[in-house]
There are 2 protein chains.
Amino acid sequence: MSAANDAADRLLYDYWRSSAAFRVRIALRLKGLDYEPHAVHLLRDGGQQHADAYRVINPQGLIPALKIDGALLTQSLAIIEYLDEAYPQPPLLPGNAMQRAAIRSLSLQIACDIHPLNNLRVLNRLKAQFGAAETQRTAWMQHWMQLGFAALEPRLSAMSDGRRHCVGDQITMADVVLVPQVFNARRFDLPMDAYPTICRLSDAAMQLDAFQRAAPQQQPDAE
Amino acid sequence: MSAANDAADRLLYDYWRSSAAFRVRIALRLKGLDYEPHAVHLLRDGGQQHADAYRVINPQGLIPALKIDGALLTQSLAIIEYLDEAYPQPPLLPGNAMQRAAIRSLSLQIACDIHPLNNLRVLNRLKAQFGAAETQRTAWMQHWMQLGFAALEPRLSAMSDGRRHCVGDQITMADVVLVPQVFNARRFDLPMDAYPTICRLSDAAMQLDAFQRAAPQQQPDAE
């Protein structure tokens with residue numbers, strides 16, 4: 001068994017519906033890296049991510065965390081960048097510095113400006129501080145997804161330029177981050193008619209084996 | 001005049017109090033890159049970032065954006081990574097892949113999990129959707145900063161290990177992202193007694209010329 005395929009060396013603290021974890025699962029599969037999933041249930045027991053057993057692993061109490069190459073990595077984009085540096089093929093940040101900047105900017109447009117506002121802990125805080133009912137919490141999520149997708153759609157339309165993936169014919173980190181956000185949008189019934197490019201690119205990526213294997217419903221802890 | 005110092009080639013769409021813009025100003029100064037600031041007032045005229053004149057530049061309507069080397073870059077961390085690749089000295093992501101992952105993870109812990117929740121547009125949404133008064137909006141901000149800093153403090157204490165900066169004796173992207181967040185915390189009167197390492201590291205970085213020149217009150221649009 002080659003080092004690059006020794007699953008026992010890699011442990012992913014995971015939750016099937018976490019879109020940050022979904023990103024890392026896709027990246028691991030694209031790199032052909034097997035891993036052992038360790039489910040941390042974000043709802044059960046008041047949230048297993050808050051339990052001491054997990055706080056020892058990631059004091060931030062967030063999913064995902066990846067044990068790899070003798071260290072524990074946190075923050076999904078930092079993990080993906082690490083995988084891309086340590087396991088360069090296939091590259092998820094191809095091209096020159098300017099092209100890499102565009103890929104990172106697209107990724108951060110989702111990872112900073114959409115996803116963190118819709119996290120479970122944010123919805124819980126809206127409920128606790130403002131008494132937000134479920135419909136209000138869903139409206140909050142949809143607001144940020146709409147705003148984010150409306151800015152993303154023309155940008156992706158220009159960058160993909162009719163080609164198969166976000167910035168051309170090859171998968172990059174931008175596709176890895178886009179797909180879980182689209183999954184989340186559909187889960188919360190966001191009308192997607194205004195975002196044909198986003199849908200096209202997400203659907204194209206989802207045809208690949210790495211994306212399918214990483215999908216929430218394919219995980220051992222899926223409900 | 002050398003290419004690396006030709007301010008007219010670089011245009012930063014900026015706002016003195018934006019902490020994402022503050023990050024980019026620090027990075028430009030650390031790299032010794034002059035630039036022309038173009039102030040986009042986030043409050044005046046209902047927010048100049050929403051005006052058509054700026055939407056043409058950055059359809060996301062967010063600050064900062066940097067015109068450099070013939071292109072327009074958005075998302076502060078993508079801009080910093082670009083500067084580090086195109087202008088390698090001094091390196092803001094030094095070390096091997098694992099060390100770079102740690103620097104990125106620290107940066108993202110702030111850039112994804114603290115800052116986006118406290119953005120002006122989020123506070124405006126809390127007011128619009130939940131009628132949140134100013135004291136409630138401040139409580140919201142303080143909640144996320146407290147939670148973020150509480151997770152960051154032990155991590156930075158371990159990583160800096162008594163040395164001058166976040167991950168050792170040299171400034172990295174982690175310091176570049178930390179300082180504006182601490183500035184923001186102090187601006188909103190967050191009690192900082194529980195975060196001695198965060199304060200120490202932020203104060204140490206602020207002694208450097210690049211950080212001082214990038215500080216909000218030093219900008220031409222400061223009020």
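Note that this is a predicted model, so its numbers are computed, not measured.

Right, let's get into the packing of helix α6 (residues 134-160) of chain A against helix α8 (residues 196-206) of chain A. All names here are of chain A. Interhelical geometry of α6 versus α8 gives an angle of 65 degrees and a closest axis separation of 8 Å. As the angle between them shows, α6 and α8 are arranged roughly perpendicular. Regarding α6 and α8, the two cross each other, and that crossing is left-handed. Contact residues: α6 offers Phe149, Leu152, Glu153, Leu156, Ser157 and Ser160, while α8 offers Pro196, Thr197, Ile198, Arg200 and Leu201. By residue class, the composition of the contact of α6 with α8 is 6 nonpolar, 3 polar and 2 charged.

On to helix α1 (residues 19-30) of chain A, then. Residues and elements named next belong to chain A. Its 12 residues give α1 an end-to-end C-alpha distance of 16 Å, which sits within 8% of 16 Å, the value for a rise of 1.5 Å per residue. Within α1, 12 of the 12 residues are buried, which leaves the element mostly enclosed by the surrounding structure. Within α1, burial applies to Ser19, Ala20, Ala21, Phe22, Arg23, Val24, Arg25, Ile26, Ala27, Leu28, Arg29 and Leu30. N-cap assignment for α1: the residue whose side-chain oxygen lies 3.4 Å from the backbone N of Ala20 is Ser18. Gly32 sits one or two positions beyond α1 and adopts a positive phi of about 70 degrees.

Further remarks concern the domain arrangement of chain A. All names here are of chain A. Taken domain by domain, chain A consists of domain 1 (7-90) and domain 2 (97-210). Relative to domain 2, the C-alpha centre of domain 1 lies at a distance of 20 Å. Counting the surface lost from both domain 1 and domain 2, the interface buries some 1600 Å², and carbon and sulfur atoms represent 72% of this. Of all residues in domain 1, Arg17, Arg23 and Leu77 bury the most surface against domain 2, accounting for 33% of the area lost on that side.

Let's shift gears to unusual backbone geometry. Between Ile63(A) and the following residue, Pro64(A), the backbone shows a cis peptide bond with an omega angle of 5 degrees. For Pro64(A), the position within the fold is in the loop between α2 (52-55) and β3 (65-68). A cis amide bond links Gln89(A) to the next residue, Pro90(A), at an omega of -10 degrees. Its identity is not glycine, yet Asp45(B) carries a phi of approximately 55 degrees, on the positive side.

Definitions and cut-offs
Residues numbered from 1 in each chain as written. Chains lettered and ligands numbered in written order. Predicted model: local features only at pLDDT ≥ 70, side-chain atom pairs only at ≥ 80, totals over all residues. Heavy atoms only, no water. Axes fitted to C-alpha atoms, helices over the stretch in contact; angles between N-to-C directions. Helix = DSSP H or I, 4+ residues; strand = E, 2+ residues; numbered from the N terminus. Parallel < 35°, antiparallel > 145°, perpendicular 65-115°, else oblique. Left-handed = near helix turned anticlockwise from the far one by under 90°. Contact = heavy atoms within 4.5 Å. Nonpolar A, V, L, I, M, F, W, Y, C, P; charged D, E, K, R; others polar. Expected span 1.5 Å × (residues − 1). Buried < 20%, exposed > 50% of the residue type's maximum accessible area, 1.4 Å probe, protein only. Polar contact = N/O pair within 3.5 Å; in protein donor to acceptor, adjacent residues only side chain to side chain. Domains from an automatic or database assignment. Buried area = accessible area lost by both parts, 1.4 Å probe.

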